[in-house]
Amino acid sequence: MKRVVCLVMIAWVAICGRGEFSAAEELSAMTLEVEGALKDLSSEDAAVQEAAVNALIAGGDPALLPKLEEVRATADRSVRMAIKPVIDLLKNKAKLASPDSNDRRSAATDLGSLGRPASLPWMQAALQQEPDRWVRYTLEESIQLIRLSSSDPEIQATAATKLGALHSQNAVPHLKELTAASSEGVARASREAIGRIETWASWANGFETIFRGISLSSILLMMSLGLAIVFGLMGVINMAHGELMMVGAYATYVAQELFKGYVSPELFDYYFLFALPLSFLAAGLCGLALEATVIRFLYGRPLETMLATWGVSLVMIQGARVYFGDLTSVAAPNWLRGGFQAMVGVYLPYNRLFIILLSVLCVVGIYLLLFRSGLGLRVRAVTQNRNMSACLGIPTRRVDAYTFAFGSGLAGIAGCALTLVGNVEPGLGQNYIVDSFMVVVAGGVGKLAGTIVAAMGIGSLNKLLEPSFGAVYGKVLILVFVILFLQWRPAGLFAMKGRNADA
Amino acid sequence: MKLTSTNDEKTDDNSSNQSRREFLSSSKKIAYGVGAAALLGNLGNWALSYAADKEPIKVGVLHSLSGTMAISEVSLRDVVLMAVEEINAKGGVLGRRIQPVVVDPASNWDLFAEKSKQLLLQDKVSVVFGCWTSVSRKSVLPVFEKNNGLLFYPVQYEGEECSHNVFYTGAAVNQQAVPAVEYLMSKEGGGYKKFYLLGTDYVYPKTTNKILRAMLLAKKVPEANIMEEYTPFHHQDYQTIVGKIKKFSAGGGACVISTINGDSNVPFYKEFANQGLRAEDAPIMAFSVAEDELRGMDTNPLVGHLAAWNYYQSVDTAQNKKFVADFKAYCKKNNLPDGEKRVTDDPIEAAYFGVHVWKQAVEKAGKTDVDAVRKAVYGQKFLAPGGEIKMDEGNQHTHKPVLIGEILKDGQFKTVWRSQGLVKPEPWSEYTNPEKGCDWTSHQGTYQKKA
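Since we're looking at a predicted model, the values are computed, not measured.

A. Representation of the sheet that holds strand S14 (residues 403-407) of chain B within the structure. Residues and elements named next belong to chain B. Judged by pairing direction, the sheet is mixed, and its 7 strands sit side by side in the order S7-S6-S8-S9-S10-S14-S15 without closing on themselves. Looking at which strands have only one partner, the edges of the open sheet turn out to be strand S7 (226-231) and strand S15 (413-418). On average, adjacent strands in this sheet sit at an angle of 25° to one another, irrespective of strand direction. Two strands pair when backbone bridges link them, and strand S6 (residues 194-200) and S7 are joined in this way by 6 bridges, in the parallel orientation. Bridged to Tyr196 within S7 is Met227. Contacting strand S8 (254-259), strand S9 (284-286), strand S10 (306-309), S14 and S15, helix H6 (residues 177-185) runs over the sheet at an angle of about 140° to S10.

Shown next, in the form of structure tokens:
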């Protein structure tokens with residue numbers, strides 16, 4: 001083993017040494033030429049200037065960048081404009097060698113949109129040793145895009161066909177121009193390519209719409225799960241539910257600040273995993289306190305509960321405003337930033353994938369707790385027949401408190417998850433409370449399955465409507481649908497049946 | 001209850017009561033000391049107020065201190081009070097102290113009208129500094145016009161207004177949105193050809209986008225290259241819209257013009273970055289994102305995007321450095337939330353120089369009478385933190401420079417473009433209302449231009 005390592009190291013040193021040597025040799029030969037070109041950049045004569053720019057691009061040495069920046073800092077506007085492409089090209093060339101695949105990919109995109117044929121050999125060289133599939137894809141796309149503007153119709157036609165095979169959405173505007181090209185071959189190739197790209201795009205669009213629907217559904221579900229338990233099972237109209245979400249969001253913020261202050265920076269990215277249980281606990285404890293001080297005295301009096309909890313929600317909002325101020329933010333951890341490319345044209349953000357996963361876990365957790373545990377059995381017994389359960393020795397008061405705290409804790413987790421897509425601010429809960437109630441009511445009060453199906457339905461319907469009606473009317477239409485639906489089935493999707501229906 | 005009493009008056013009363021009580025009840029020497037000091041302090045105050053001659057001049061401060069708009073408007077109250085304190089420290093106006101009357105309209109439009117009525121009729125203030133949203137301004141407008149009050153409005157807005165009773169120290173559309181889009185179209189700005197106009201569904205974005213659309217069409221941008229889209233207030237789910245932008249920007253040459261307001265910005269920028277779009281592919285040019293909003297945001301997804309304003313905290317002038325330092329010191333001294341970490345931005349600067357412009361005008365007029373002050377404001381110049389500004393001779397608006405800035409990681413802006421000199425305000429856009437003008441010296445407000 002040791003020997004292998006040694007060999008590798010020797011080889012590495014040899015390669016590096018040689019690289020240095022050849023670079024140094026080249027540099028001495030180039031220096032004079034480069035110096036001249038740099039001087040010519042500031043020339044009044046446009047032709048001389050252009051020649052200098054071309055020479056610098058052809059040289060393609062990113063080591064020149066600091067010098068160019070120096071020239072730019074002192075130059076007037078016309079010179080700055082002239083050297084901008086040089087700087088852009090060289091910067092991106094340097095970025096092609098970056099260890100970060102995102103950097104390499106964005107460099108490839110930029111080189112494609114700069115459209116300088118001089119960058120073709122760089123990208124081809126990079127393509128040879130590129131390990132990442134999507135960087136390779138982008139490199140190839142950029143290469144073909146540049147070739148598309150070649151003067152040779154044959155190259156144009158092959159580039160068009162290849163772009164069609166790549167399903168490149170970026171090429172469509174250029175291809176559209178080429179359909180009117182003088183060469184019949186190019187025009188036909190472009191038309192075919194556009195056809196292929198657009199068929200693919202409609203598929204990709206379909207996938208994306210489905211994903212967006214699922215993502216919105218998962219957010220709706222996260223928000224309403226807690227409410228489904230508190231409102232659905234216990235019959236408590238908790239207007240402060242949104243504020244319990246806010247507590248969860250602020251718990252996440254506190255976790256972040258704690259990690260910033262007391263934990264080494266390498267571990268910072270894991271703060272979110274710590275924040276999840278913390279927000280559950282924080283919101284759960286708030287719920288416990290709320291139950292013990294307010295709701296306990298108002299069981300069976302829905303209107304009073306509503307007013308009292310609404311008052312509590314206002315107090316909590318103002319409390320958060322006073323304590324945290326209006327401006328706080330949670331920075332998503334690195335591993336939840338950006339996204340993953342599922343296929344050409346379909347990009348799935350990690351934060352949304354995470355929320356989908358989290359909502360599935362929550363549903364499973366609730367199922368296990370309610371239907372596979374002793375506490376769940378008692379909870380169900382109390383919801384079905386409080387007096388009978390009490391007679392059988394179930395401590396109904398305590399069960400109420402636990403159930404309420406559990407529902408509140410779920411709201412806290414939802415708040416924690418929401419920091420990934422939105423704001424952390426005192427009014428956060430207000431934005432979501434209406435949607436949560438809508439989901440629970442449409443799903444059928446007291447039925448968890450109903451909540452799940454309603455969240456899926458409303459989320460997907462929203463995303464189906466939005467592209468054609470816009471966000472404003474999409475939302476209006478959803479509300480109209482829900483109202484009509486409740487006219488048709490007042491008890492919601494999964495209505496309670498039997499003797500307990502009115503209880 | 002006396003509604004006009006300010007905080008310092010109240011504390012004066014308290015301390016004198018307390019001192020008298022202590023003076024009488026306690027025989028300890030310390031209490032004598034305290035009492036004597038408080039008495040002396042009171043005497044000093046008396047002497048000062050007599051020296052300052054007559055009553056103080058009352059000015060109203062009408063900014064939401066609670067509710068959804070508090071996030072933006074509290075800073076404006078702070079800076080107005082700071083400006084007042086500055087002026088008082090230098091001897092006030094016309095030898096009189098300025099006494100601010102602060103009210104809280106609580107982000108409620110009806111309450112704005114009610115509170116402005118209270119300020120004008122009950123407290124009889126000489127001038128009001130206030131409002132942020134266009135709807136709040138529209139709801140106080142009738143009150144000010146009916147009672148001939150004077151309002152200094154410090155926020156950029158959609159124009160199409162020419163009130164005799166308002167001085168607009170923020171930008172009109174031609175001082176912010178129009179130059180911003182012109183910049184994006186220019187070679188220097190990137191030569192963008194496709195424009196996605198995205199905003200929150202209310203009057204400012206809609207009017208601004210109407211003007212921008214007319215302007216783009218006038219500049220021969222084809223209809224197919226302009227998209228317009230609105231979202232409800234507090235919209236949180238930008239998946240579909242970002243998807244549309246992605247498709248729209250394929251092939252390059254596209255940019256987003258954002259008039260998204262308030263808490264929708266964070267979800268929008270987050271989604272934009274997470275779906276793999278970069279500022280290089282399609283920059284977002286925003287008209288409602290300033291330093292004060294960025295202070296509380298995770299700036300990672302915003303870096304490299306653009307904004308257009310008339311002032312940035314990063315403006316490199318001596319008077320701005322002093323202004324920023326003063327504001328931070330003021331916030332720290334008064335124990336305002338975040339203290340030294342506070343930042344300045346465009347509306348804060350506009351609110352600040354509004355107070356000073358009013359003061360100069362009062363001094364020029366020699367009295368606080370609204371009609372006299374108004375006349376004196378016309379043509380008034382002031383060396384504001386962002387550079388010298390000038391009040392227009394007739395249209396009640398302000399001549400200001402336009403600055404395009406790039407958002408940096410620390411929530412500040414790097415100026416990438418600056419207008420040549422000051423831009424003349426046009427309340428009526430040349431693109432949507434070319435036949436209308438606004439002038440109160442040679443016309444009666446809005447008038448029809450002769451062809």
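B. Geometry of helix H10 (residues 184-233) of chain A. Residues and elements named next belong to chain A. With 50 residues, H10 extends 70 Å from end C-alpha to end C-alpha; this agrees with the ideal 74 Å at 1.5 Å per step. At Leu227, H10 shows its maximal kink, close to 35°. Just beyond H10, the residue with positive phi is Gly235, at close to 75°.

C. View of the nonpolar core. If you look at the biggest cluster of nonpolar residues, it comprises 118 residues, and the most contacted ones within it are Ile257(B), Met285(B) and Ala307(B). The greatest single-element share of this core, amounting to 10 residues, is contributed by helix H12 (residues 346-365) of chain B. Listed in part, the 76 residues of the second largest apolar core include Ile237(A), Ala249(A), Val382(A) and Ala411(A).

D. Here's a closer look at the packing of helix H12 (residues 271-293) of chain A against helix H17 (residues 396-418) of chain A. Residue and element names in this part refer to chain A. The geometry of H12 relative to H17 is characterised by a closest axis approach of 7 Å and an angle of 140° between their N-to-C directions. The angle between H12 and H17 falls in the class oblique. With respect to the hand of their crossing, H12 and H17 are arranged in right-handed fashion.

E. Fine view of the sheet that holds strand S13 (residues 398-399) of chain B. Residues and elements named next belong to chain B. Read from one edge of the open sheet, 3 strands run S11-S12-S13, paired in antiparallel fashion. Of all strands in the sheet, those bounded by a partner on one side alone are strand S11 (381-384) and S13. Looking at chain direction, S11 and strand S12 (residues 387-391) are connected through 4 bridges and run antiparallel. Across the sheet, residue Ala384 finds its bridge partner in S12, namely Gly387.

F. Region of the structure containing the domain arrangement of chain A. Residue and element names in this part refer to chain A. You can read the domains of chain A as domain 1 (28-95), domain 2 (97-182) and domain 3 (209-429). The gap between the C-alpha centroids of domain 1 and domain 2 is 24 Å. Facing 10 residues of domain 1, the contacting portion of domain 2 comprises 12 residues. At the level of secondary structure, the elements contributing two or more residues to the side of domain 1 that touches domain 2 comprise helix H2 (46-59) and helix H4 (77-96). Tallying contributions element by element places H4 first for the side of domain 1 that touches domain 2, with 7 residues. Residues belonging to the side of domain 1 that touches domain 2 are distributed by class as follows: 5 nonpolar, 2 polar and 3 charged.

G. Molecular detail of the interface of chain B and chain A. On the side of chain A, 39 residues touch chain B, which itself brings 37 residues to the contact. Those elements giving two or more residues to the side of chain B that touches chain A turn out to be helix H3 (70-89), S7, helix H8 (239-249) and helix H9 (265-274) of chain B. Per element, the largest residue contribution to the side of chain B that touches chain A is 5 residues, and it comes from H8(B). Considered class by class, the residues forming the side of chain B that touches chain A number 10 nonpolar, 15 polar and 12 charged.

Rules and cut-offs
Every residue gets a number counted from 1 within its own chain, in the order that chain's sequence is written. Chain A is the first chain written and ligand 1 is the first ligand written, with later ones labelled in order. Predicted model: local features are reported for residues with pLDDT of at least 70 only, side-chain atom pairs are reported and counted for 80 or more only, and whole-chain, interface and lining totals are derived from all residues. Whether two strands pair comes down to DSSP finding at least two bridges between them. Think of it this way: any DSSP run of H or I at least four residues long counts as a helix, any run of E at least two long counts as a strand, and we number them from the N terminus. Convention adopted: a line fitted to C-alpha atoms gives each axis, helices being fitted over their contacting stretch, and angles between N-to-C directions are expressed from 0 to 180 degrees. Our contact criterion uses C-beta atoms placed from the backbone: two residues qualify when those atoms are within 7 Å. Each helix should span, by expectation, one fewer than its residue count multiplied by 1.5 Å. Across the chain, bend at a residue is computed as the angle between axes fitted to the seven residues ending at that point and the seven starting from it. A set of buried residues drawn from Ala, Val, Leu, Ile, Met, Phe, Trp, Tyr and Cys, joined through C-beta atoms within 7 Å, is what defines a nonpolar core. To sort residues by burial, count the other C-beta atoms lying within 10 Å of each one's C-beta; a count of 20 or more means buried, 12 or fewer means exposed, and anything in between means partly exposed. C-beta atoms are built from the backbone. An angle below 35 degrees is treated as roughly parallel, one above 145 as roughly antiparallel, one from 65 to 115 as roughly perpendicular, and anything else as oblique. Working rule for handedness: look at the near helix, and if it is turned counterclockwise from the far one by less than a right angle, call the crossing left-handed; if clockwise, right-handed. Residue ranges for the domains trace back to a domain assignment, done automatically or taken from a database. When residues are sorted by character, Ala, Val, Leu, Ile, Met, Phe, Trp, Tyr, Cys and Pro go into the nonpolar class, Asp, Glu, Lys and Arg into the charged class, and all the rest, Gly among them, into the polar class.

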